[in-house]
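Understanding the architecture of this molecule
Residue-level listing of the chains:
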Amino acid sequence: MVKVMKSNRLRATALVGGVAALGLALSGCGLLGGGGPDRDPSNGQITNTATSDAFQIKVGDCLQDPGTTSVEKVVTLPCSKPHDYEAFDRTEMKDSDYPGETAATDQAEAYCKPAFTKFVGISIDDSTLNMTYFYPTAESWKQGDREILCLVTGKKGEKTTGSLKGAKK
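For the structure given in this document, a descriptive report is provided here. All of these numbers come straight from a predicted model, not from anything done at the bench.

A few points about the overall build of the protein
- The helix and strand inventory of the protein stands at two helices and nine strands.
- Secondary structure elements in the protein, listed N-terminal to C-terminal, are β-β-β-β-β-β-β-α-β-α-β.
- If you take every contact in the protein between residues at least 6 apart in sequence, the share linking residues at least 24 apart comes to 61%.
- Carbon and sulfur atoms make up 51% of the accessible area of the protein, which totals about 8,200 Å².

Quick look at the structure:
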């Protein structure tokens, strides 16, 4: 069950890959609004640890586990520092009406599993790593949120340092 916080933006996540399902609602100040982390202008990488709007996470960003089922902000940090999640791919849902939570999680899993294989170098079923994905909730859908964001995390929730691209583990 997803716990929803009073906010105008919501996002949820599910944890897969041999780990029990987990619901996590993320809310942000705006899909396109400010609140993003400081970035190196030459490569777009996060330059320091900061609390950021959850909707400002980009592919290649690293973040800490929010540690709760409802959050408005996430802690983002350079991937060179120990972190819980790395965003590795994203897509947009094409439905015109919100398809429901089950359909949203099914779409997220169907997209993120092959993307995980491409990113890590082995399938999620053969990996010691885990995969998480953020997907729109009914509330965030009303605000224009269509993004599925795929995240990789260390085995059994362990922190990682650096990118897991091509890790083959």
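Structure's up, so let's keep going.
So, unusual backbone geometry
- Positioned with a positive phi, Lys168 is a non-glycine residue whose angle comes to about 50°.
- Mapped onto the elements, Lys168 comes out in the segment after strand S9 (147-153).
- Its relative accessible area of 59% is what places Lys168 among the exposed residues.

Brief notes about the pattern of salt bridges
- Under the definition given, this model contains six salt bridges.
- Between Lys159 and Asp84 there is a salt bridge, with its nearest N and O atoms 3.1 Å apart. Taken together, the positions of Lys159 in the segment after S9 and Asp84 in the loop between strand S6 (73-77) and strand S7 (85-92) put the pair 75 residues apart, joining distant regions of the chain.
- Assessed through its relative accessible area of 47%, Lys159 is described here as partly exposed.
- When its relative accessible area of 10% is taken as the criterion, Asp84 is described as buried.
- One salt bridge in this structure joins Glu147 and Arg90, with 2.7 Å as the shortest N-O distance. Taken together, the residues span a long stretch of sequence, with Glu147 in strand S9 and Arg90 in strand S7 at a distance of 57 residues.

A short note on the side chain of Glu86
- Within the secondary structure, Glu86 is located in strand S7.
- Here Glu86 is in contact with Asp61, Cys62, Phe119, Cys150, Leu151, Val152, Gly162, Ser163 and Leu164, once residues within four sequence places are set aside.

Here's the deal with the packing of aromatic side chains
- Enumeration over the complete set of coordinates arrives at four aromatic pairs.
- Aromatic side chains Phe88 and Phe116 sit 6.1 Å apart centroid to centroid with 80° between the ring planes, which places their arrangement in the edge-to-face category. On the criterion of sequence distance, the pair formed by Phe88 in strand S7 and Phe116 in helix H1 (residues 101-120) is long-range, its members being 28 residues apart.
- When the ring of Tyr133 is compared with that of Tyr135, the centres are 6.3 Å apart and the planes differ by 50°; the resulting orientation is tilted. Considered together, Tyr133 and Tyr135 belong to a single accessibility category, that of buried residues.
- Through a chain of ring-to-ring contacts, three or more aromatic side chains come together here, namely Phe88, Phe116 and Phe119.

A word on the state of the cysteines
- Overall, the coordinates contain two disulfides when judged by the stated rule.
- Disulfide pairing places Cys62 opposite Cys79 at an S-S distance of 1.9 Å. The disulfide joining Cys62 to Cys79 has a torsion of about 100° about its S-S bond and is therefore right-handed. Here Cys62 is found in strand S4 (residues 62-63), whereas its partner Cys79 is found in the loop between S6 and S7, with 17 residues between them in sequence. With respect to class, Cys62 is no different from Cys79; both count as buried.
- Disulfide pairing is shown between Cys112 and Cys150; the S-S distance is 2.0 Å. Of note, the bridge from Cys112 to Cys150 carries an S-S torsion of about -80° and is left-handed in sense. On the criterion of sequence distance, the pair formed by Cys112 in helix H1 and Cys150 in strand S9 is long-range, its members being 38 residues apart.
- Judged by relative accessible area, which is 0%, Cys150 ranks as buried.

Calculation notes
Residues numbered from 1 in each chain as written. Predicted model: local features only at pLDDT ≥ 70, side-chain atom pairs only at ≥ 80, totals over all residues. Heavy atoms only, no water. Helix = DSSP H or I, 4+ residues; strand = E, 2+ residues; numbered from the N terminus. Contact = heavy atoms within 4.5 Å. Areas by Shrake-Rupley, 256 points an atom, 1.4 Å probe, with all protein chains shown as cover. Buried < 20%, exposed > 50% of the residue type's maximum accessible area, 1.4 Å probe, protein only. Salt bridge = Lys/Arg side-chain N within 4 Å of Asp/Glu carboxyl O. Phe/Tyr/Trp six-rings, centres within 6.5 Å; stacked < 30°, edge-to-face > 60°. Disulfide = S-S within 2.5 Å.

So far we have only geometry, and geometry alone does not tell us how the molecule works.
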